Amino acid sequence: MAQRIPVTWASAVAGNRELRKPGCRAIGCVLNRHPGKSVLWETSGPGIQCPTNQGLVETGVPGNQGPVNSVTQETRNSGKLGSLETGGMRNQGAEKPVVRKSGAEQMSTNSSSISQFLLLPFADTRELQLLHFCLFLGIYLAALLGNGLIIITIACDQHLHTPMYFFLLKLSVTDIGCISTTVPKSMANSLWDTRAISYTGCVAKLFFFVLLIVTEACLLTVMAYDRYVAICHPLHYGTLLGSRACVHMAAAAWASGFLHAVLHTANIFSLPLCHGNAVDQFFCEIPQILKLSCSDAYLREIGVIVVNACLDFGCFVFIVVSYVQIFRAVLSIPSEPELHKAFSTCLPHLAVLSLFLSTGLIAYLKPPSISSQFLDLVVSFLYSVVPPAVNLLIYSMRNLEIKDAVWKLMIGYI
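Residues numbered from 1 in each chain as written. Predicted model: local features only at pLDDT ≥ 70, side-chain atom pairs only at ≥ 80, totals over all residues. Heavy atoms only, no water.

1. As for the environment of K185
Along the chain, the position of K185 falls in helix 5 (residues 183–192). Along the backbone, K185 and R195 are 10 residues apart, and their C-alpha atoms lie at a distance of 9.4 Å. Aside from chain neighbours lying at most four places away, what touches K185 is L119, A196, I197 and K205. (Helix = DSSP H or I, 4+ residues; strand = E, 2+ residues; numbered from the N terminus. Contact = heavy atoms within 4.5 Å.)

What follows is the structure, given as structure tokens:
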């Protein structure tokens, strides 16, 4: 039998400190610091003596009145914790269990421990990396300088302050932002022979890419409506597309893009990532980051993508219907030059819109069974890099008013 040794409060506690030592365990405690109250300590075996004034460990603040919250001591032989009664209540001690994290907690830990992502390189050899850098540099500079020139021209020329050019200016802004979120980082990685992008950088780039790409889709839809009203209902053009209506439509496009960006970014980066940090794309793209998440954790984001795809498909249908009505109106024009001019303008518009929206839908909705690294790369390039560079030629350089305004602007500066 274990031997119980009574120890007085005065000898066991000094300044609200509790006596502890291996081989002894407390089986009782005092209610307050009044002298005479006893603490019972039990030895774990014969020959073990519980000291009365050694190994004191502080458990409270001197001068504290009331019950003492004791810390129990593990015994030497049994490895179990003793129990200590505090304020008349007895807390049963037990061996401290090993805390095992659940699968979800482990996955969350894996996600939170990721400090960077690894983007897909375009080439492995140094020569091909430099070639990729030069090609992307040419595309980026052409899009940047061309769209910048359009923005300056429309802003400076009073004759271009019409609804069509108002939306064209907004489109040029989104084109510059869209291509700037994808191409420069890929160029830098090829130039410096690296793949890394920080976690924060990936979050920021994905947010701005979704914001700009959704805004661009909305602006293209509004521009199709603008052309429909101008050709099919010219007498009502000033009423349906007044300055206030144009501002409201542009604001709605940006608000839609912002809402989609917040939803997608919050959903994507709240998912546990349990398949590493290698993104099979040259920029942070939603479908590729979803592949890193656990199989049972991304259904919420899939729902958001499906809703977004339905909205994009609705925009595409609206654009197609608008251009069908435009073509019907154009076919009634008796003049062949005017007919050729209308078709040469509308058909490239429709081709770029179809390329942009169809490749975007394929990138986000294609089943994993037909997914391949090369296909994913081509589709993403077609909807993220090509439209911002081609919109410059389709919507602006084929427009005589834009050409004349650019020429006058350049001569004025010369």
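2. Side note on the packing of aromatic side chains
Within this structure, the stated rule accounts for 14 aromatic pairs. On the numbers, 5.5 Å between centres and 75 degrees between planes, the contact of Y199 with F269 is edge-to-face. With Y199 in helix 6 (residues 199–232) and F269 in the loop between helix 8 (243–268) and helix 9 (286–290), the pair connects residues that are 70 residues apart, well separated along the chain. Seen in terms of ring centroids, F207 and F208 are 5.3 Å apart; in terms of plane orientation they differ by 85 degrees. Their pairing is edge-to-face. Grouping aromatic residues by their ring pairs yields a cluster made of F136, F209, F282, F283, Y364, F381 and Y383. (Phe/Tyr/Trp six-rings, centres within 6.5 Å; stacked < 30°, edge-to-face > 60°.)

3. Some words on the nonpolar core
One broad trend across soluble globular proteins is that nonpolar side chains are buried collectively. With 82 residues, the main nonpolar core has F117, I154, F167, L168, Y323 and Y395 as its most contacted residues. Top element by residues in this core is helix 6. It accounts for 17 residues. In contact with F167, other than residues within four places in its own chain, are L219, V222, M223, L241, C246, M249 and A250. (Core = buried A, V, L, I, M, F, W, Y, C linked by side-chain atoms within 4.5 Å. Buried < 20%, exposed > 50% of the residue type's maximum accessible area, 1.4 Å probe, protein only.)

4. A short note on the state of the cysteines
Enumeration over the complete set of coordinates arrives at 1 disulfide. A sulfur-sulfur separation of 2.1 Å characterises the disulfide bridge that pairs C202 with C284. Between C202 and C284, the disulfide has an S-S torsion of -130 degrees and is therefore left-handed. A residue pair is termed long-range when its members are at least 10 positions apart, and C202 in helix 6 and C284 in the loop between helix 8 and helix 9 qualify at 82 residues. In terms of burial, C202 and C284 fall into one category: buried. (Disulfide = S-S within 2.5 Å.)

5. Things to note about empty space enclosed by the protein
Summed over all chains, the structure comprises 2 cavities of 30 Å³ or more. In this structure, the largest cavity spans a volume of roughly 240 Å³. Taken together, 16 residues form the lining of the largest cavity, with I213, N308, D312, G360 and Y364 sitting closest to its centre. For the lining of the largest cavity, the elements supplying multiple residues, two or more each, are helix 6, helix 10 (299–331) and helix 11 (336–365). Looking at the lining of the largest cavity, the element that brings in the most residues is helix 11, giving 5 residues. (1 Å grid on protein atoms, 1.4 Å probe; cavity = no way out; pocket = protein on both sides within 12 Å on 5 of 7 lines; lining within 4 Å. Points joined across faces, edges and corners; volume = space filled by probe spheres on them.)

6. Here's the deal with unusual backbone geometry
Phi angles above zero are rare outside glycine, and D193 is one such case at about 55 degrees. Checked against the element boundaries, D193 lands in the loop between helix 5 and strand 9 (196–198).

7. A closer look at the confidence of the model for the protein chain
On average, residues of the protein chain carry a pLDDT of 74, and 70% of them reach 70 or more. Here residues 1–23 scores under 50 on pLDDT; set against residues more than four positions off or in separate chains, the count is 86 contacts. Considering only residues more than four positions removed or in separate chains, one finds that residues 25–111, a stretch of pLDDT under 50, has 172 contacts. (pLDDT = per-residue confidence, 0-100.)

8. Section: the side chain of S190
Along the polypeptide, S190 turns up in helix 5. Excluding residues within four positions of it along the chain, S190 makes contact with R126, Q129, H132 and F133.

9. Some remarks on the packing of helix 3 (residues 126–156) against helix 4 (residues 163–180)
At their nearest, the axes of helix 3 and helix 4 sit 9 Å apart, and the two run at 155 degrees to each other. Comparing the axis directions of helix 3 and helix 4 gives the class roughly antiparallel. Between helix 3 and helix 4 the crossing geometry is left-handed. Between helix 3 and helix 4, the contacting residues are I139, Y140, A143, L144, N147, G148, I150, I151, I154 and A155 on the first element and Y165, L168, L169, S172, V173, D175, I176, I179 and S180 on the second. Residues belonging to the contact of helix 3 with helix 4 are distributed by class as follows: 14 nonpolar, 4 polar and 1 charged. (Axes fitted to C-alpha atoms, helices over the stretch in contact; angles between N-to-C directions. Parallel < 35°, antiparallel > 145°, perpendicular 65-115°, else oblique. Left-handed = near helix turned anticlockwise from the far one by under 90°. Nonpolar A, V, L, I, M, F, W, Y, C, P; charged D, E, K, R; others polar.)

10. Points about the side chain of Q129
The residue Q129 is located in helix 3 in this model. Engagement of the side chain of Q129 in a polar contact is seen with the side chain of R126, the distance being 3.1 Å. A polar atom in the side chain of Q129 sits 3.0 Å from the side chain of D193. When near neighbours in sequence (up to four residues on either side) are disregarded, Q129 contacts A123, D124, S190 and D193. (Polar contact = N/O pair within 3.5 Å; in protein donor to acceptor, adjacent residues only side chain to side chain.)

11. Describing a nonpolar patch on the surface
A cluster of nonpolar side chains, L128, L131 and L135, forms an exposed patch at the surface whose accessible area comes to about 290 Å². Within the element layout of this structure, L128 appears in helix 3. According to the relative accessible area criterion, L128 is partly exposed, its value standing at 46%. (Patch = residues over 30% accessible without salt bridge, like charges linked within 9 Å, V, L, I, M, F, W, Y side chains within 5 Å. Areas by Shrake-Rupley, 256 points an atom, 1.4 Å probe, with all protein chains shown as cover. Salt bridge = Lys/Arg side-chain N within 4 Å of Asp/Glu carboxyl O.)

12. A word on the pattern of salt bridges
Counted by the stated rule, this structure contains 2 salt bridges. A salt bridge links D226 to R227, with the nearest nitrogen and oxygen atoms 3.0 Å apart.

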